[in-house]
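# Observations on chain architecture
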Amino acid sequence: MADNRVVVYKGPGKVAVEDIDYPKLELPDDVVTGLGIKKAAPHAVVLRLVTTNICGSDQHMVRGRTTAPVGQTLGHEITGEVVEVGDDVLFVKPGDICSVPFNIACGRCRMCNEGKTGICLNVNPARAGAAYGYVDMGGWLGGQAEYVMVPFADFNLLRFPDRDAALAKILDLTMLSDIFPTGYHGAYTAGVTTGSTVYVAGAGPVGLAAAYSAQLLGASVVIVGDMNADRLAQAGSFGCETVDLSSGGDLADMIADIVGEPEVDAAVDAVGFEARGHGAGAAEAPATVLNDMMSVARAGAGLGIPGLYVTGDPGAVDDNAKVGQIGVRLGLGWAKSHTFATGQCPVKRYNRQLMNLILADRAHIAQAVNAVTISLDDAPRGYQEFDQGAAKKYVIDPHGMVPAA
Ligand SMILES: NC(=O)c1ccc[n+]([C@@H]2O[C@H](COP(=O)([O-])OP(=O)(O)OC[C@H]3O[C@@H](n4cnc5c(N)ncnc54)[C@H](O)[C@@H]3O)[C@@H](O)[C@H]2O)c1
Ligand SMILES: [Zn+2]
Ligand SMILES: [Zn+2]
């Protein structure tokens, strides 16, 4: 019986909202057969979605730039109200409103015990780490839906302390499932601290969240680079400096014009493998951002790399890039003793503290990323506008629970 609806990938450039069964408290078949564990999931809950955001990571699939099959359900940025709890769930209750880290984690394995929830060993037979609604990530159903199942709920859910306070700030809190912790992780792992000068590549939602986080961490100057004028203006709206890479100018020179020297203390890649080269209308050149960061980050700097790189890209520019092998000038980073922080952001490492900042009115992330609310039926339009570079973060509100601004 179809009593749920979810956003589904229908082939390059296409998504649709389709009927699907109401979630069961059961693990996906891939996980059950691949890892040889029980299907029944008494540790799980069902959430009624309050908000669920569209992400640049979804766009890689929808552009046909991953091996996602047609029919892949989408959505990993989940905030919801608990409506059903399994018998082994002890600490969350029906009615709680919670943020869900996009990383699915068991809370029991070696990696989870070390706080590395982005590479949990018990949720995806194909590799370490899993996510809702994502290719190669364990076959978990997507959360751009009306309802979704969340396993290992006591471990994964971040409960908001007060329901009314949560709903009043829901457009900020919805960013805790991914981009606020991810942007923060990018800045933090790059070593941003009091007084740092920072270069953030990419002014999409993750880049804006990284830039905003760098400010929270005390950066003296945050420079955001992109070739999208609207997105650069969005970065400027909260005090960032900007560099327009479509100008074809030299990045180090543009940085020198701002900070007085051609280097920064820390750099963040918020672009990933679909990076384009510099100059108006430049073609895709996947190593551009990594090479830019090694060029402009000072010796000893940290490079935070939340931007996503894949192991399989059918739409890549050449055969090497099709397997994720790109022309990174590693010798330069090695010579400068750079450190690289890659991979999924372990959301649980940051989400509670960032929630506290939001609830204390000390972080206004929704405004920084220009959050806009749309209905579930409008998801295809949201995907299309976002793909065209709108300077917005699309937040789907499937049950009309987001209070009017
Ligand atoms: N590591 C994680 O846990 C994690 C979590 C969320 C998102 N991501 C990844 O972060 C990346 C950014 O996400 P988003 O939602 O902001 O995506 P997005 O596609 O909206 O933004 C990417 C931006 O990069 C710009 N860009 C392209 N080439 C560039 C270049 N050479 N220099 C500077 N800017 C350039 C584009 O114009 C665009 O504005 C994606 O790769 C996404 O998959 C990773
Ligand atoms: Zn995301
Ligand atoms: Zn685990």
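You'll find the protein entered in an unreviewed UniProt entry as Putative dehydrogenase, with Nostocoides japonicum T1-X7 given as the organism. Checking UniProt for the protein, the heading Cofactor (unreviewed entry) contains the comment "Zn(2+)". Under Sequence similarities (unreviewed entry), UniProt gives the following word-for-word description of the protein: "Belongs to the zinc-containing alcohol dehydrogenase family."

## Thoughts on the pairing of strand β15 (residues 393-396)
In β15, alternate side chains face the same way, and those of Lys-393 and Val-395 on one face and Tyr-394 and Ile-396 on the other are all buried. When strand β3 (residues 45-53) meets β15, the two strands line up antiparallel, connected through two bridges. Of the residues in β15, the one forming a bridge with Thr-52 is Ile-396. Where strand β14 (residues 371-374) lies against β15, four bridges are found, and the strand directions are parallel. Residue pairing for β15: Val-372 is matched across the bridge by Tyr-394. In terms of handedness, the path from β14 via helix α16 (residues 379-387) over to β15 forms a crossover that is right-handed.

## Some thoughts on the packing of aromatic side chains
Two descriptors summarise a pair of aromatic rings, namely the distance from one centre to the other and the angle between the planes of the rings. Counting across every chain of the model gives seven aromatic pairs. Each ring, one from Tyr-188 and one from Tyr-350, has its centre 5.9 Å from the other, and the planes form 70°; the classification is edge-to-face. A residue pair is termed long-range when its members are at least 10 positions apart, and Tyr-188 in helix α7 (residues 179-189) and Tyr-350 in the loop between β13 (339-341) and α14 (351-359) qualify at 162 residues. Ring plane angle 65° and centroid distance 6.3 Å describe the contact between Phe-386 and Tyr-394, whose orientation is recorded as edge-to-face. Exposure remark for Phe-386: the relative accessible area of 6% places this residue in the buried category. You can call Tyr-394 buried: its relative accessible area is 2%.

How each quantity is defined
Residues numbered from 1 in each chain as written. Chains lettered and ligands numbered in written order. Predicted model: local features only at pLDDT ≥ 70, side-chain atom pairs only at ≥ 80, totals over all residues. Heavy atoms only, no water. UniProt positions renumbered as here; feature names shortened; annotations may be inferred. Buried < 20%, exposed > 50% of the residue type's maximum accessible area, 1.4 Å probe, protein only. Helix = DSSP H or I, 4+ residues; strand = E, 2+ residues; numbered from the N terminus. Pairing = 2+ DSSP bridges. Right-handed = clockwise from strand over helix to strand, strands pointing away. Phe/Tyr/Trp six-rings, centres within 6.5 Å; stacked < 30°, edge-to-face > 60°.

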